[in-house]
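The residues making up each chain are set out below.
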Amino acid sequence: MKHLAIFASGAGSNALKIIQHFKNSTSAKIALVACNKPGSGGLKIAGQENIPVLMIEKKLFDTSGYLEELKRRNIDFIILAGFLWKLPPPLINAYPSKIINIHPALLPSYGGKGMYGNAVHAAVITAGEKQSGITIHYVDDKYDHGEIIFQKTCPVDQNETVESLARKVHELEHTYYSKQIEKLLNTNYP
Ligand code: GRF
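Since we're looking at a predicted model, the values are computed, not measured.

Definitions and limits used
Residues numbered from 1 in each chain as written. Predicted model: local features only at pLDDT ≥ 70, side-chain atom pairs only at ≥ 80, totals over all residues. Heavy atoms only, no water. Near = heavy atom within 4 Å. Polar contact = N/O pair within 3.5 Å; in protein donor to acceptor, adjacent residues only side chain to side chain. Areas by Shrake-Rupley, 256 points an atom, 1.4 Å probe, with all protein chains shown as cover. 1 Å grid on protein atoms, 1.4 Å probe; cavity = no way out; pocket = protein on both sides within 12 Å on 5 of 7 lines; lining within 4 Å. Sits in = over half its atoms within 2 Å of the grid points. Helix = DSSP H or I, 4+ residues; strand = E, 2+ residues; numbered from the N terminus. Nonpolar A, V, L, I, M, F, W, Y, C, P; charged D, E, K, R; others polar. Points joined across faces, edges and corners; volume = space filled by probe spheres on them. Contact = heavy atoms within 4.5 Å. Salt bridge = Lys/Arg side-chain N within 4 Å of Asp/Glu carboxyl O. Buried < 20%, exposed > 50% of the residue type's maximum accessible area, 1.4 Å probe, protein only.

A. Fine view of the site of the ligand. Close to the ligand lie G10, A11, G12, S13, N14, G82, I102, H103, P104, H170 and E173, which account for all nearby residues. Side-chain polar atom of H170 to an oxygen atom of the ligand: 3.1 Å apart, as the coordinates give it. A total of 370 Å² of accessible area belongs to the ligand in isolation, and the protein chains cover 85% of it. If you map the ligand onto the pockets, it falls in the largest pocket. Elements that contribute at least two residues to the shell around the ligand include exactly helix 1 (13-21), strand 5 (99-103) and helix 7 (162-188). Of the residues contributing to the shell around the ligand, the split by class is 3 nonpolar, 7 polar and 1 charged.

B. Just the layout of surface pockets, in detail. Approximately 810 Å³ is the volume attributed to the largest pocket. Lining the largest pocket we find 38 residues, and of these G82, F83, L84, Y116 and G117 sit closest to its centre. Secondary structure elements with two or more residues in the lining of the largest pocket: helix 1, strand 5, helix 6 (118-126) and helix 7. When the residues that make up the lining of the largest pocket are grouped by side-chain class, the tally is 16 nonpolar, 15 polar and 7 charged.

C. Structural detail: the side chain of H3. Residue position: H3 is located in strand 1 (residues 2-7). Within the structure, H3 has its side chain in polar contact with the backbone oxygen of M1 (distance 3.4 Å). Once residues lying within four places of it in the same chain are set aside, the contact partners of H3 are K29, A31, R73, N74, I75, D76 and F77.

D. Geometry of the pattern of salt bridges. A complete count under the given rule lists 6 salt bridges for this structure. Here K23 ties to E49 by a salt bridge, and the two come within 2.8 Å at their closest N and O atoms. A residue pair is termed long-range when its members are at least 10 positions apart, and K23 in the loop between helix 1 and strand 2 (28-35) and E49 in the loop between helix 2 (41-48) and strand 3 (53-55) qualify at 26 residues. By relative accessible area, E49 is classed as partly exposed at 25%. Note that E160 and K168 form a salt bridge whose closest N and O atoms lie 2.5 Å from each other. Classification of K168 by relative accessible area gives partly exposed; the value is 23%.

This is the structure:
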């Protein structure tokens, strides 16, 4: 049984989908939800699903990555879902190719520091892009930079608004993130 940790500090809608997806799995379980925002959606969902939570604090995270805590809980794989802090070297080095992220645009465009949430969709629309989408990628020491695992596009329509594009992209995330995680676990880490 693989032990997965989800790092989620936002609304937690992706965390919820992933938790639901693996609820009855015999090969992987969500063993931890880590979060840096008290009262966030991810924490509430973890509470409802009886999943242990880890509240993380910036200074300690930047120095240790909470590595001991993760190892103590036998975490094999880390899923970022709405987690904005850059991961520190101890964590990146301890989990090579075992930390993934989802980004709400088609990387390598529209990524990097400050490119999150509606800022991403606003930039895509302002640039007149005809399509946007999602990117699932490995995490390295730069924002939104590691090797790309999966992308899916959606059209940006003429009257597209930030809100309507955000909805479309979230839908793609909810449809594909869990499936891609499962595929990755089965094929790359059987
Ligand atoms: C998602 O759009 C994801 O692409 C980004 O953060 C957002 C998290 O949304 N990394 P939610 O908290 O899962 O609803």
